[in-house]
Amino acid sequence: MSPAHGSDGDPEELPVLSVSVLQFGTAHWELDHILHRGLDRENGYQLKLKLVANLPASHLAVTSQSVNGAVADLLWAQSRFQAGTPYLYVPFSSRIGDIVVAGDSAIGSVADLAGKRIGVAGGPDSKGWILLQNVAALQGINLAQSTEVQFAAPPLLSQALKRGQVDAIVTYWHFSARLKGEGGWRSAFGMADLLTAMNLDRNLPVLGYVFPAGWAENQGPLLDRFAGSLQQAKAELAADKSHWQRLRPLMGSPQEGVFTALRKGFVAGTPAPLTDQRITDLYRLLALTGADPGNLMPSELFYRRQP
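Residues numbered from 1 in each chain as written. Predicted model: local features only at pLDDT ≥ 70, side-chain atom pairs only at ≥ 80, totals over all residues. Heavy atoms only, no water.

Going by what an unreviewed UniProt entry lists, the protein chain is known as ABC transporter substrate-binding protein and is assigned to Marinobacter metalliresistant.

Colleague: What exactly am I supposed to notice about the layout of surface pockets here?
Modeller: Unoccupied space between atoms shows up once a probe the size of one water molecule is rolled over them. Taken as a whole, the second largest pocket holds about 450 Å³ of empty space. Surrounding the second largest pocket, 16 residues form its lining, A227, Q231, P271, P273 and Y303 being those nearest its centre. Broken down by secondary-structure element, the contributors of at least two residues to the lining of the second largest pocket are β4 (87-93) and α11 (220-239). In terms of residues, the lining of the second largest pocket owes the most to one element, α11, which gives six residues. Tallied by class, residues from the lining of the second largest pocket come to ten nonpolar, three polar and three charged. (1 Å grid on protein atoms, 1.4 Å probe; cavity = no way out; pocket = protein on both sides within 12 Å on 5 of 7 lines; lining within 4 Å. Points joined across faces, edges and corners; volume = space filled by probe spheres on them. Helix = DSSP H or I, 4+ residues; strand = E, 2+ residues; numbered from the N terminus. Nonpolar A, V, L, I, M, F, W, Y, C, P; charged D, E, K, R; others polar.)

Colleague: Help me understand the sheet that holds strand β1 (residues 16-22) in this model?
Modeller: Two modes of strand pairing occur in sheets, parallel and antiparallel, and in both the strands are linked by backbone hydrogen bonds. The mixed open sheet is built from five strands, whose spatial order is β2-β1-β3-β10-β4. Two strands lie at the open edges of the sheet, namely β2 (46-52) and β4, each paired on one side alone. Mean inter-strand twist for the sheet, computed between neighbouring axes without regard to direction, equals 35°. Of the pairings in the sheet, the one linking β1 to β2 comprises seven bridges and is parallel in character. Paired with V19 across the strands is L49, a residue of β2. Along the sheet, α11 makes contact with β1, β2, β4 and β10 (207-212), crossing β10 at roughly 160°. (Pairing = 2+ DSSP bridges. Axes fitted to C-alpha atoms, helices over the stretch in contact; angles between N-to-C directions. Contact = heavy atoms within 4.5 Å.)

Colleague: Is there a simple way to think about helix α3 (residues 55-63) in this case?
Modeller: For an α-helix, 3.6 residues make a turn, and residues three or four places apart therefore share a direction. Those residues of α3 that fall on the buried side of the exposure criterion are S58, H59, A61 and V62. Buried residues of α3, seen end-on, are gathered within an arc of 155° and therefore sit on one face of the element. Residues of α3 that are exposed and angled more than 90 degrees away from the buried face: P56 and L60. Looking at the packing, one finds that the buried side of α3 touches β1, β2, β3 (69-73), α4 (74-82), β4 and β10. Measuring from the backbone nitrogen of A57 back to the side-chain oxygen at the start of α3 gives 2.9 Å, which picks out N54 as the cap. Positive backbone phi, approximately 65°, marks Q65, located one or two places after α3. (Buried < 20%, exposed > 50% of the residue type's maximum accessible area, 1.4 Å probe, protein only. Arc of directions from axis to C-beta. Polar contact = N/O pair within 3.5 Å; in protein donor to acceptor, adjacent residues only side chain to side chain.)

Colleague: What's the story with the sheet that holds strand β6 (residues 117-121) in this structure? I'm lost.
Modeller: In spatial order, the strands read β7-β6-β8-β5-β9; together these five strands make up an open sheet with mixed pairing. Both outer strands of the open sheet, β7 (148-152) and β9 (185-190), are each paired with one neighbouring strand and no more. Put simply, the sheet's adjacent strands are angled 25° from each other on average, direction ignored. Running at roughly 120° to strand β8 (residues 168-171), helix α5 (residues 127-138) makes contact with β6, β7, β8 and β9 of the sheet. Against the sheet, helix α8 (residues 173-182) touches β5 (98-102), β8 and β9, its axis set at about 140° to β9.

Colleague: Is there a simple way to think about the side chain of S229 in this case?
Modeller: Structurally, S229 can be placed in helix α11. Residue S229 is classed as buried on the basis of its relative accessible area, which comes to 0%. A distance of 2.7 Å separates a polar atom in the side chain of S229 from a polar atom in the side chain of Y45. Those residues in contact with S229 that lie beyond four places of it in its chain are I34, L39, D40, N43 and Y45.

Here's what the structure looks like:
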């Protein structure tokens, strides 16, 4: 029996879980795989996707309760908690970003960035930029003062790097993968190296699926089923490359080098199970990136599937 018909009963009778997702976002890859393989029905629920064009639209969908959940980063979930609207956080990815330079660049460490032109994806509150500054400070370097920094959207930064307008960019992992897949560009070092420098676990889920805590409180079995299908999807996508050919259009139909880099990058971002220590490290990361240490998300808002 195929996974698409692996559950008993009429699919219409299954509980529905609706999730907002960026049409060309990385989470869509695994959610589309779940639907294609029938992993939702196999796990006893029906997944419905609301495709949106940008992150604000996705956040609006979940805050307005037009969907049950959406993808958001850890800082967004923490900011909602501080605002009095807590969300349950289900780990999605540990990919925090990358520092990309030209293949022939001499930059290979944080110290090498002093005196250089750096492009940063997002704004001054970018997790990557804050981490980079913290690690530099441990080495006695004030990056904000010793570098020329410009903040911009990731596609613009990639173009600036190609034109030689910046020496390095701090960007999101999938933009890094596209650059490296094209050839001529490399990682100076990864964000995971910065976590290690701060004595934090390298495999922290910095992106997650978020669900309003009030709603999630009464939906434990449904969320367990969703988490089970996510685990299956990640395992299948890691084990069998053939699944990715069907997903290629969702990835922008990239050329082979970029396609391979995106596939490998996504699989590498599979987060390890949350433990007490990893949650402690998430708290440290939140504090490092500006959250109020006295008002952090309680541990029960970090989803951990019960055995």
